[in-house]
Amino acid sequence: MWEWCDHLRIGKSSVFVKKDLRPLPLTDAEFEADFFLDRVYSTKRQERWKGMLIDREFGGLLALEDVQLPPPTVNNLATLLAHAMLRPLAAGDRQRPRTIYLRDQPQWKELLPHLRQLEIEVVLGDDLPRFDEAVRDWMEKATKPPSHSDIQAALRKPFPERKRSWFTDAMGLMEWSDAMFKGAYPSRKVAVPAYEPTTVVSIRLTAEELGAILTQTNIAKTKKLRSRLEVMAAESDSIDLDVNDWSTVLLALCGTRAKAAPIRKHHLGTATKIANMLADALAIAPPSLQK
């Protein structure tokens, strides 16, 4: 999930963990890393993006990753770099390189300070000679390989904007729900949260919305929460749940496995309604979905 996020996520929920990377020996190695649209395996319906990390001196491939949820994000880059350092391909040495060369993309800015904390110098530029050469070799596999100049021009382009879809909205709501859930607990930045996990919020839902939650989502497989919701639904249209339980409901609505698009859209609409009401009740920012 976090690789899809446009904001950097490091630590326990990611592969890029500085306490695991810091003990690695700092060497004189130089890496080149970037992402490219894989025209060999892309189709009209689905683009395939790959991340690749090359040793600058010898041209060895140290990491190769598929971007599961394109376009690439800073979290994809963090994962690519961590894999190259912690588990390089071809049984290479585990190491921290002295220098990493990256394409000058605005998406990478959040990661740069963390690399420098690991004593890794970052050099930004328009071209990456070893990486670009490897991409040209890769493209030779295509039925109609593009010219070298076309490949170079494509590599220099900014990554495309993510197109809005049911999936992107669902992922955005799930990210917001996770932030709401974590916001109920003390952290380094906020010692005393404005609300607690047990803070109860009352939300009015229609009989149709309640029925869908109880029968068409994973809530149907739960015992305690489903039973409580059934009791509340029988007594009133006002549902009183705490922050933890509302987070469970939101994730169930966003993570629906329904194949029919109208059902998915309906569930997402209910989730958006609940999230906006929770934001108002808890005095936090509502979810900001892509336009």
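Structural data are supplied above this passage.
Let me begin by describing the structure that accompanies this report. Model, not experiment: these values are computed from the prediction. (Residues numbered from 1 in each chain as written. Predicted model: local features only at pLDDT ≥ 70, side-chain atom pairs only at ≥ 80, totals over all residues. Heavy atoms only, no water.)

Digging into the overall build of the protein
Helices and strands together make up the secondary structure of the protein, namely ten helices and seven strands. Considered along the principal axes of its C-alpha atoms, the protein spans approximately 70 × 45 × 30 Å. Taken across its 291 residues, the protein has 44% of its residues classed as buried. A sequence separation of at least 24 residues applies to 67% of the contacts in the protein between residues at least 6 apart. Accessible area of the protein: about 16200 Å², with a carbon and sulfur share of 52%. (Helix = DSSP H or I, 4+ residues; strand = E, 2+ residues; numbered from the N terminus. Buried < 20%, exposed > 50% of the residue type's maximum accessible area, 1.4 Å probe, protein only. Contact = heavy atoms within 4.5 Å. Areas by Shrake-Rupley, 256 points an atom, 1.4 Å probe, with all protein chains shown as cover.)

Looking at the side chain of D242
Structurally, D242 is set in strand β7 (residues 238–242). There is a polar contact of 3.1 Å between the side chain of D242 and the backbone nitrogen of N244. Within the structure, D242 has its side chain in polar contact with the backbone nitrogen of D245 (distance 2.8 Å). Those residues in contact with D242 that sit more than four places away from it in its chain are P197, T198, T199 and V200. (Polar contact = N/O pair within 3.5 Å; in protein donor to acceptor, adjacent residues only side chain to side chain.)

Quick look at the packing of helix α7 (residues 207–216) against helix α8 (residues 224–235)
With their axes 11 Å apart at the nearest point, α7 and α8 run at an angle of 160 degrees to one another. With respect to α8, the element α7 is oriented roughly antiparallel. α8 is crossed by α7, and the crossing has left-handed handedness. For the pair α7 and α8, the contacting residues are L210, I213 and L214 in the first and R226, L229, E230 and A233 in the second. Across the contact of α7 with α8, the residue classes tally to five nonpolar, no polar and two charged. (Axes fitted to C-alpha atoms, helices over the stretch in contact; angles between N-to-C directions. Parallel < 35°, antiparallel > 145°, perpendicular 65-115°, else oblique. Left-handed = near helix turned anticlockwise from the far one by under 90°. Nonpolar A, V, L, I, M, F, W, Y, C, P; charged D, E, K, R; others polar.)

So, the packing of aromatic side chains
Taken as a whole and assessed by the stated rule, the structure comprises seven aromatic pairs. Centre to centre, the rings of F35 and W108 are 5.9 Å apart; their planes meet at 45 degrees, and the pair counts as tilted. Linking F35 in strand β1 (residues 30–37) with W108 in the loop between β4 (99–103) and α3 (112–117), this pair joins segments that are 73 residues apart in sequence. The same class applies to F35 and to W108, which are both buried. Between F35 and F159, the ring centres sit 6.5 Å apart and the planes meet at 85 degrees, which makes this aromatic pair edge-to-face. Of this pair, F35 sits in strand β1 while F159 sits in the loop between α5 (148–156) and α6 (166–182); the two residues are 124 residues apart in sequence, bridging distant segments of the chain. As far as burial versus exposure is concerned, F35 and F159 are alike and both buried. By the ring-pair criterion, three or more aromatic residues cluster together here, those being F35, W49, W108 and F159. The ring of Y101 has R56 lying over it, and the distance from NZ or CZ to the ring centre is 3.7 Å. The ring of W138 has K141 sitting right over it, with the charged end atom 3.9 Å from the ring centre. (Phe/Tyr/Trp six-rings, centres within 6.5 Å; stacked < 30°, edge-to-face > 60°. Lys NZ or Arg CZ within 6 Å of the ring centre and 35° of its normal.)

Remarks on the sheet that holds β1
Two modes of strand pairing occur in sheets, parallel and antiparallel, and in both the strands are linked by backbone hydrogen bonds. Taking strand neighbours across the sheet as the criterion, the five strands line up as β3-β2-β1-β4-β5 in an open arrangement whose pairing is mixed. The outermost strands of the open sheet, each flanked by one partner alone, are β3 (61–67) and β5 (121–125). In this sheet, neighbouring strand axes are inclined to one another by 20 degrees on average, regardless of whether the strands run parallel or antiparallel. Taken together, the four bridges between β1 and β4 define a ladder with parallel strand orientation. Along β4, the bridge assignment pairs A33 with L102. Strands β1, β2 (49–55), β3 and β4 of the sheet are contacted by helix α4 (residues 129–139), whose axis makes an angle of about 40 degrees with β1. (Pairing = 2+ DSSP bridges.)

Here we look at α8
For α8, with twelve residues, the first-to-last C-alpha span of 17 Å sits near the 16 Å given by 1.5 Å per residue. Taken residue by residue, α8 has L225, L229 and M232 as its buried positions. For α8, the arc enclosing every buried residue in end-on projection is 65 degrees, short of the 170-degree limit, so these residues lie on one face. Away from its buried face, by an angle of more than 90 degrees, α8 presents the exposed residues K224, A234 and E235. Against α7, β7 and α9 (243–254) lie the buried residues of α8. (Expected span 1.5 Å × (residues − 1). Arc of directions from axis to C-beta.)

Some points on the side chain of D55
Here D55 lies in strand β2. For the buried D55, no salt bridge exists, and the shortest N-O distance to an oppositely charged side chain is 6.5 Å, to R130. In terms of polar contacts, D55 uses its side chain to reach the backbone amide nitrogen of E57, at 3.1 Å. In terms of polar contacts, D55 uses its side chain to reach the backbone amide nitrogen of F58, at 2.7 Å. (Lys, Arg positive; Asp, Glu negative; His and termini not counted. Salt bridge = Lys/Arg side-chain N within 4 Å of Asp/Glu carboxyl O.)

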